[in-house]
Amino acid sequence: MIRLSWRLLGRELRSGELRLLFAALVVAVAAVTAVGFFTERVRLALVQEAHQLLGGDLLLIADHPWSAATRDLAARNGLQTAENVLFPSMVLSAEGAQLAEIKAVSSSYPLRGRLVTANPSETAGPQPGTVWLEERLAVALRVQPGDAVQVGQRRLRVGNLLTLEPDRGVNFFALAPRLMMHLDDLDG
């Protein structure tokens, strides 16, 4: 029986049908593997882009400051954190006033992605005592870097013009232009 099986296999190999079947099998495996690699690359690219849109790997939102225990837990687990506070307020300049969306950020902001500004040498975020304005806010207030604006009780120097921030995303309800300041200036 085994001898007959080998003879039949040899005859099939000589006829070429098994070679064609083997070639089709190789092509099918190669195609499935290529599609698998491609979808994995697309998935990784989408995850990376999503993290950049968040400005980090995870975004926690609350209407109150996080407790010290929560911050300590993150530090114990070796997590990098960045804080920001968003609220609307009026921004005043010598030339006028404008409603703006204020974003106060910590020194570690952003964790993923980067800030793009009119002066590309500055990308670490606004330092205490300075603010970064979106271009349309600077135009509305008729200010430029070096001028001063007033936010609340604080008079702050315009340090740069903000053109892109990683976690801004597309928010159709955020109609007011953005002013970014350091978290240390928030109390004023």
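This report concerns the structure included in the present document.

Calculation rules
Residues numbered from 1 in each chain as written. Predicted model: local features only at pLDDT ≥ 70, side-chain atom pairs only at ≥ 80, totals over all residues. Heavy atoms only, no water. Helix = DSSP H or I, 4+ residues; strand = E, 2+ residues; numbered from the N terminus. Rg over C-alpha atoms; globule rule 2.2 N^0.38 Å. Core = buried A, V, L, I, M, F, W, Y, C linked by side-chain atoms within 4.5 Å. Buried < 20%, exposed > 50% of the residue type's maximum accessible area, 1.4 Å probe, protein only. Contact = heavy atoms within 4.5 Å. Polar contact = N/O pair within 3.5 Å; in protein donor to acceptor, adjacent residues only side chain to side chain. Pairing = 2+ DSSP bridges. Patch = residues over 30% accessible without salt bridge, like charges linked within 9 Å, V, L, I, M, F, W, Y side chains within 5 Å. Areas by Shrake-Rupley, 256 points an atom, 1.4 Å probe, with all protein chains shown as cover. Salt bridge = Lys/Arg side-chain N within 4 Å of Asp/Glu carboxyl O. Expected span 1.5 Å × (residues − 1).

## Some words on the overall build of the protein chain
- Assigned secondary structure in the protein chain consists of four helices and seven strands.
- What you see in the protein chain, going N to C, is helices and strands ordered as α-α-α-β-β-β-β-α-β-β-β.
- The C-alpha atoms of the protein chain give a radius of gyration of 29 Å, which is well past the 16 Å a tight globule of 188 residues would have.
- Overall size of the protein chain, expressed as C-alpha extent along the three principal axes, is 100 × 40 × 30 Å.

## Considering the nonpolar core
- In terms of nonpolar packing, the biggest core is built from 17 residues, with Val-91, Val-131, Leu-133, Val-149 and Leu-179 touching the most fellow members.
- Every element with two or more residues in this core is listed here: strand S2 (96-105), strand S4 (130-134), helix H4 (135-141), strand S5 (148-151), strand S6 (154-164) and strand S7 (178-182).
- In contact with Val-131, not counting residues within four places along its chain, are Pro-126, Val-149, Leu-156, Arg-157, Val-158, Gly-159, Asn-160, Leu-179, Met-180 and Met-181.
- Core analysis: the next-biggest nonpolar cluster, separate from the first, contains six residues, Tyr-109, Leu-115, Trp-132 and Met-180 among them.

## A look at the side chain of Glu-101
- Turning to its location among the elements, Glu-101 is positioned in strand S2.
- A distance of 2.9 Å separates the side chain of Glu-101 from the side chain of Arg-178, its partner in a polar contact.

## Quick look at the pairing of S4
- Summarising burial for S4: five of the five residues are buried, a large majority.
- Residue alternation in S4 divides its side chains into two sets, Thr-130, Trp-132 and Glu-134 and Val-131 and Leu-133, and both sets are buried.
- Sheet analysis places S4 next to S6, joined by five bridges and oriented parallel. Within the sheet, the bridge partner assigned to Thr-130 lies in S6 and is Arg-157.
- Of the pairings in the sheet, the one linking S4 to S7 comprises three bridges and is antiparallel in character. Its bridge partner being in S7, Trp-132 is matched across the sheet by Met-180.

## Some remarks on a nonpolar patch on the surface
- A grouping of Ile-2, Trp-6, Leu-9 and Leu-13 is seen on the molecular surface, where their side chains present a nonpolar patch of about 450 Å² in accessible area.
- Here Trp-6 is to be found in helix H1 (residues 2-15).
- A relative accessible area of 60% places Trp-6 in the exposed class.

## Details of the pattern of salt bridges
- Summed over the entire model, instances satisfying the criterion amount to six salt bridges.
- The shortest N-O distance in the salt bridge between Arg-142 and Glu-95 comes to 3.6 Å. Of this pair, Arg-142 sits in the loop between H4 and S5 while Glu-95 sits in the loop between strand S1 (84-93) and S2, and the two are 47 residues apart along the sequence.
- For Glu-95, a relative accessible area of 47% corresponds to the partly exposed category.
- In this structure, Arg-154 engages Asp-185 in a salt bridge whose closest nitrogen and oxygen atoms are separated by 3.0 Å. Here Arg-154 is found in strand S6, whereas its partner Asp-185 is found in the segment after S7, with 31 residues between them in sequence.

## Here we look at H1
- Taking 1.5 Å as the rise per residue, H1 with 14 residues should run 20 Å; its terminal C-alpha atoms sit 20 Å apart, in good agreement.
- Phi for Gly-16, located one or two positions after H1, is positive at around 95 degrees.

## Topic: unusual backbone geometry
- Cis geometry is found at the peptide bond from Tyr-109 to Pro-110, where omega equals -10 degrees.
- Residue placement: Pro-110 occurs in the loop between S2 and strand S3 (116-117).
- You will see that Arg-142, though not glycine, has its phi angle at about 55 degrees, which is positive.

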